[in-house]
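Fold and contact review
Below, each chain spelled out in residue letters.
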Amino acid sequence: MIEAGIGRLLVASLHQGIADLLPTRLEFYESWLNPTGLRDGRIGLAPLAAVLSFLRLEGEPYRLITARAGEYTAEWSVVDMPAYRRALIRAMPPGVRVHLVMREARAMIRSTYRGSRAIVRWRKGRGAVDIRGSIFCEVRDRVEQPLCEYYASAIRRLMYLFNLDVEVGTEQCRATGAGQCLMTVLVRPTAAAG
C-alpha cells in the first residue's frame, strides 16, 4: 500500500487516465503523481487530493479521466486475481456470478483507499451500493455533478469482464450535498440469459 492507505492501483490508474486523455497536462500532474513515487509507493493523501482538486478544475475531463481510471482499476484487479478464482467466478450462473463479482468490487474499492468501503444490498435484481469514505467526494464546497464516476465505472467494467451486463448509476453523492454516495446496479435481462 502507498502512504496513508492509498492503493497503488488507484494512483497508477489515475496517472494512466491523465496520460490517455490529457497528455499535454501530464507533466503538470506528475508534480504529484511522479513515476518514481508510483514505483516506490510514495504517493500520499495530500498529493492525491491535490491531483483530484486540480482535475475538477479541468471540467469535463475530470469525469472522463476518473471513469477511465475506474476501468483500469477493474481490469488490473482482474489481472491480479488468481486464475482459479477468475475461472470459478466465470463458471457460475449469472445470478450467483453477479454476487461474486460484487464481492470482488467491494474488495477492489477497499483496496483503492483504506478509508473507503462499499456496503451492498440486493433486492429483485437491483443492487444498492453505498460508498463510504470516498476520496473522490472529499470537497470543501458542494459541486453540481456527482464525483463518484470512478467507482461507477470500476463496478461496470468489473461486471463486464465477468460477462455480466449491468447499468450502474449514481443516485446520490456527498460532494453534491447528499448524505451519502449511493449507486444503483441494475442487472440487465440479457445477463440472466448468458
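Before reading further, recall that the structure is shown in the block above.
Residues numbered from 1 in each chain as written. Predicted model: local features only at pLDDT ≥ 70, side-chain atom pairs only at ≥ 80, totals over all residues. Heavy atoms only, no water.

On to unusual backbone geometry, then. Here the phi dihedral of Asn 163 falls at roughly 60 degrees; this positive angle occurs in a residue that is not glycine. Along the chain, Asn 163 turns up in the loop between helix H8 (149-161) and strand S3 (166-172). With relative accessibility at 52%, the residue Asn 163 sits in the exposed group. (Helix = DSSP H or I, 4+ residues; strand = E, 2+ residues; numbered from the N terminus. Buried < 20%, exposed > 50% of the residue type's maximum accessible area, 1.4 Å probe, protein only.)

On to the sheet that holds S3, then. Taking strand neighbours across the sheet as the criterion, the 4 strands line up as S1-S2-S4-S3 in an open arrangement whose pairing is antiparallel. With partners counted over all chains shown, the strands left at the sheet margins are strand S1 (117-123) and S3, one partner each. Strand-to-strand twist of the sheet, defined as the mean angle between neighbouring strand axes without regard to direction, takes the value 20 degrees. Sheet topology note: the S1/strand S2 (residues 126-132) ladder contains 7 bridges and is antiparallel. Looking across to S2, one finds that Arg 117 is bridged to Arg 132. Across the sheet, helix H7 (residues 94-112) lies against S1, S2 and strand S4 (181-187), angled at about 160 degrees from S1, the strand it touches most. (Pairing = 2+ DSSP bridges. Axes fitted to C-alpha atoms, helices over the stretch in contact; angles between N-to-C directions. Contact = heavy atoms within 4.5 Å.)

The next subject is the environment of Leu 21. Looking at the element boundaries, Leu 21 is found in helix H1 (residues 8-21). As for Leu 21 and Leu 100, which are separated by 79 residues in sequence, their C-alpha atoms are 32 Å apart. The residues contacting Leu 21, other than those within four sequence positions of it, are Leu 64, Ile 65 and Arg 68.

Quick look at the nonpolar core now. Judged by nonpolar contacts, the single largest core of 52 residues is most densely connected at Leu 14, Ile 18, Leu 55, Phe 136, Ile 155 and Met 183. Broken down by element, this core gets its largest block of residues, 7 residues, from H8. Aside from chain neighbours lying at most four places away, what touches Ile 155 is Met 102, Ala 105, Met 108, Ile 109, Val 129, Val 168, Met 183 and Val 185. (Core = buried A, V, L, I, M, F, W, Y, C linked by side-chain atoms within 4.5 Å.)

The geometry of helix H6 (residues 83-91) relative to H7 is characterised by a closest axis approach of 8 Å and an angle of 145 degrees between their N-to-C directions. Judged by residue contacts, Arg 85, Ile 89 and Arg 90 of H6 engage Arg 97, Leu 100, Val 101 and Glu 104 from H7. Class assignment for the residues of the contact of H6 with H7 results in 3 nonpolar, no polar and 4 charged. (Nonpolar A, V, L, I, M, F, W, Y, C, P; charged D, E, K, R; others polar.)

Attention now moves to the pattern of salt bridges. Should their charged atoms come close, side chains of opposite charge can pair. As enumerated under the stated definition, the model contains 10 salt bridges in all. The partner of Arg 188 in a salt bridge is Asp 165, and the shortest N-O contact between them spans 2.9 Å. Here Asp 165 lies in the loop between H8 and S3 and Arg 188 lies in the loop between S4 and helix H9 (189-193), a separation of 23 residues in the sequence. Residue class for Arg 188 comes out partly exposed when judged on its relative accessible area of 32%. In the salt-bridge network here, residues are joined through shared partners; they are Asp 165, Glu 167 and Arg 188. (Salt bridge = Lys/Arg side-chain N within 4 Å of Asp/Glu carboxyl O.)

On to the state of the cysteines, then. Within the structure shown, the criterion is met by 0 disulfides. Free cysteine: Cys 173, not disulfide-bonded; nearest cysteine sulfur from Cys 148 at 3.5 Å. Relative accessible area serves as the criterion here: at 1%, Cys 173 is assigned to the buried category. (Disulfide = S-S within 2.5 Å.)

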